[in-house]
Amino acid sequence: MRLTPAQRRLRDEGTQSQRKAMQILLALGGLSEAERLVPITSAHVSGASYKMIGDPGLEFLEDFARDARVAVPTTVNPLGTDLAQWKELGIPPDFAEKQARIARAYATMGVRPSFSCTPYLIGVRPGLGEHVAWAESNAVCFANSVLGARTNREGGPSALAAAIVGATPEYGLHTDEGRKPTTVVRVTTKPRGLDFSLIGLVAGERVGEGLPYFRGFRGTEEDLKWLGAALASTGSCGMFHLDGVTPEAHRAPTRGLPSMTITRRDLVAAKRSYTDGDEADVIALGSPQLSEQEVRKIAQRVERTPPRIPVWVFTSRTVKDANLEAVGIIERHGGRVLADTCLEVTLLEHRFGTVATPSGKGAYYLPSLCKQKVILDDIDRLLERYA
Amino acid sequence: MKIRGRRIAPGRAAGDALASPVPFSFVGGADPVTGKILDPSTGIAGERLAGSIFAFPHGKGSTVGSYMIYGLAKREVGPAGIVNASAEGIVAVGAILAGIPMVDRIDTAGLRTGDRILLDGDRGTVELPGVRATPVVTAVLRNRGRILIVRRSEKVGSFRGRWSAISGHLEGREDPKTRAIQEVREETGLRGLSFLAAGAPILARNDATMYLVHPFLFDVSSRHIRLDWENVEHRWVRSEELDRFQTVPRLKDVVAAVLR
């Protein structure tokens, strides 16, 4: 790989963690035959929930934090609990203590304590053609598809290495070639609400590692967030195009590509296949964390149709703090608003056996990561059912 | 013998091999405190990683695996070195974080548990001091979807009576591809080969001898061949049919290395 003089200096004369970070980028670049490291404007790292990374992760991060400092603005994924209300949540003190140590290690490295899987909702919005290194599959999919920024699907350590060096190997979704669609996916039904998650689940299963070019519908930024999160769960997709909507769709070549169709019947079948619970103990909204508008909308709905089971809302600290009125309404109706954490990386399984959620990504991960049963349905239908 | 692969993580290590024939996940695959292998599909469950050269085709599973490797090394129960056939991000990053020398592009199926191994992560090489290397070339000839196999005569030095592709010993520093073309000419009389692919070397073990097989694929325009003294019979077969023949070791893998 061709390195700039500054990159060579980091590799040979940098601090211990800078040298390790360079080694990681060079090895990963070598595996994918990248020719150089491309400078990045931001990084987003995953691997912050103690539930997910455990003692090995904690140990590594604390050691690394001794001399590792990020070189570009860097945000980090949700933790395993809300550090402000872990006691009320019944989280074991040992878990909370270790979780706090992980948060401190990231802070020491200069990482912004965002604890969010939706950096794009809290002000980190790289522009068209901008190179970044993001982990967290839904954020990757959003950045590439909706914003037109360029990032591969990084893992926690590789995103952290890129943050420390300020660059990432140039291959895959960083290149024009890697952003070309592989399959045209025609959707023959007009989607609303939950349907966007369902389209993502079905397309991801069918496309696998490919890059889908969707046709036949429109959607808001919010809709595409849910679609992308589900798509990146069942498939290893880091990007999609949507005809007439996403910024690079108009110049994406589609001629001669294999095509497939998603019908209303496929969506109904997907909803059924991701539902294995009978009666929900909680309605959980997150995965990814909710936006400001979504939190407010939930507050209005809960006020209109008060639920008889708790409604738990996962969002970022930034959004929670800016919407205390909506938070108050949700809590008055027996619900909770959790910040710093998210649906499947949080410690939830000790309280609820069956979770109802409108998140396709949540429905995909909850059974394996949390050993929970799931009811996947539209938020309005869930609130009616549990009114 | 010394085999050249690709360097992944720097440093040098020496140890006895623990060889798994199947891909490995460090999450759940090994005990994080003792470094004992837990995954029964490896065939080496119960063995301890400490001090070993751990050889497996490639990593799989959760990215937390990188941190697991780091934790094993920190507790001094991790492997001394890692050898993969094709490295992926989880194990490569883990080895770098942990400071464990690592090399890939080595045919791990040719390594055996207990082999003494010297691994050089700076040069990307793996050395087996106790094993003698016999470099050979194997030419897979293809015509209209079928490949040529020949049955070795009673006059040849090894694997008499077994089915093989066209092959021969590599002498000194000669170019493997040139040697392969030469062997095809001698053993079949065929000329005008069109070269299609060369595969990464396959390690075929026969007791203390390790055949370092350089595989090549050529298209030929005719099925009309003239055998010399080395072979007594020939067939044009589909690659799926190889299982039905008694072949030289790892012929199927050699064919798969060039037929994708």
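Everything quoted here is computed from the prediction, not taken from an experiment. (Residues numbered from 1 in each chain as written. Chains lettered and ligands numbered in written order. Predicted model: local features only at pLDDT ≥ 70, side-chain atom pairs only at ≥ 80, totals over all residues.)

A. Broad picture of the overall build of chain B. For chain B, the helix and strand inventory stands at 5 helices and 16 strands. Across its three principal directions, the C-alpha atoms of chain B cover 60 × 35 × 30 Å. Across the 260 residues of chain B, 47% fall into the buried class. Sequence separation of 24 or more characterises 72% of the internal contacts of chain B that already satisfy a separation of 6 or more. (Helix = DSSP H or I, 4+ residues; strand = E, 2+ residues; numbered from the N terminus. Buried ≥ 20, exposed ≤ 12 C-beta atoms within 10 Å, placed from the backbone. Contact = placed C-beta atoms within 7 Å.)

B. The overall build of chain A, seen in detail. Across its full length, chain A holds 14 helices and 14 strands. The C-alpha radius of gyration of chain A comes to 21 Å, within 12% of the 21 Å expected for a compact globule of 387 residues. Across its three principal directions, the C-alpha atoms of chain A cover 65 × 55 × 35 Å. The 387 residues of chain A split such that 56% are buried. For chain A, long-range pairs separated by at least 24 residues make up 78% of all intrachain contacts whose partners lie at least 6 apart in sequence. (Rg over C-alpha atoms; globule rule 2.2 N^0.38 Å.)

C. Inspection of unusual backbone geometry at higher detail. A:Ser287 connects to A:Pro288 through a cis peptide bond whose omega is 0 degrees. Checked against the element boundaries, A:Pro288 lands in strand β10 (residues 282–290). Residues other than glycine seldom take positive phi values, yet A:Ser287 does so here, at roughly 55 degrees. With respect to the helices, strands and loops of the structure, A:Ser287 is situated in strand β10. Assessed through the 30 C-beta atoms surrounding it within 10 Å, A:Ser287 is described here as buried. The phi angle at B:Glu76 is positive, at roughly 60 degrees, despite the residue not being glycine.

D. Expanded view of the sheet that holds strand β2 (residues 43–45) of chain A. All names here are of chain A. Spatial strand order, β3-β2-β4: 3 strands in an open sheet with parallel pairing. With partners counted over all chains shown, the strands left at the sheet margins are β3 (74–76) and β4 (133–134), one partner each. With respect to the sheet, helix α6 (residues 156–165) is in contact with β2, β3 and β4, its orientation differing from that of β2 by roughly 145 degrees. (Pairing = 2+ DSSP bridges. Axes fitted to C-alpha atoms, helices over the stretch in contact; angles between N-to-C directions.)

E. A look at the sheet that holds strand β9 (residues 259–262) of chain A. Residues and elements named next belong to chain A. Spatial strand order, β8-β7-β6-β9: 4 strands in an open sheet with parallel pairing. Where the open sheet ends on each side, the last strands, each with one partner, are β8 (241–242) and β9. Relative to β8, strand β7 (residues 212–215) runs parallel, the two sharing 2 bridges. Across the sheet, residue phenylalanine 214 finds its bridge partner in β8, namely leucine 242. Relative to the sheet, helix α7 (residues 195–207) contacts β6 (183–187), β7 and β9, its axis offset from that of β9 by approximately 150 degrees.

F. Geometry of helix α9 (residues 264–273) of chain A. All names here are of chain A. Buried within α9 we find Asp266, Leu267, Ala270 and Lys271. The arc that holds the buried residues of α9, viewed along the axis, is 135 degrees, so those residues lie on one side. Opposite the packed face of α9, turned more than 90 degrees from it, sit the exposed residues Arg265, Val268 and Arg272. Buried positions along α9 lie against α7, β9 and β14 (373–376). (Arc of directions from axis to C-beta.)

G. Seen up close, the environment of B:His214. Residue and element names in this part refer to chain B. Of note, histidine 214 is situated in strand β15 (residues 209–219). A tally of 23 C-beta atoms within 10 Å means that histidine 214 is categorised as buried. A sequence separation of 79 residues divides histidine 214 from proline 135, and the C-alpha atoms of the two residues are 7.7 Å apart. Apart from residues lying up to four places away in sequence, histidine 214 is in contact with Val137, Pro176 and Pro201.

H. Fine view of the domain arrangement of chain B. All names here are of chain B. As far as domains go, chain B holds domain 1 (2–127) and domain 2 (132–258). The C-alpha centroid of domain 2 is placed 32 Å from the C-alpha centroid of domain 1. Contact residues are listed per partner, giving 6 residues for domain 1 and 9 residues for domain 2. In terms of residue class, the side of domain 1 that touches domain 2 is made up of 2 nonpolar, 1 polar and 3 charged. (Domains from an automatic or database assignment. Nonpolar A, V, L, I, M, F, W, Y, C, P; charged D, E, K, R; others polar.)

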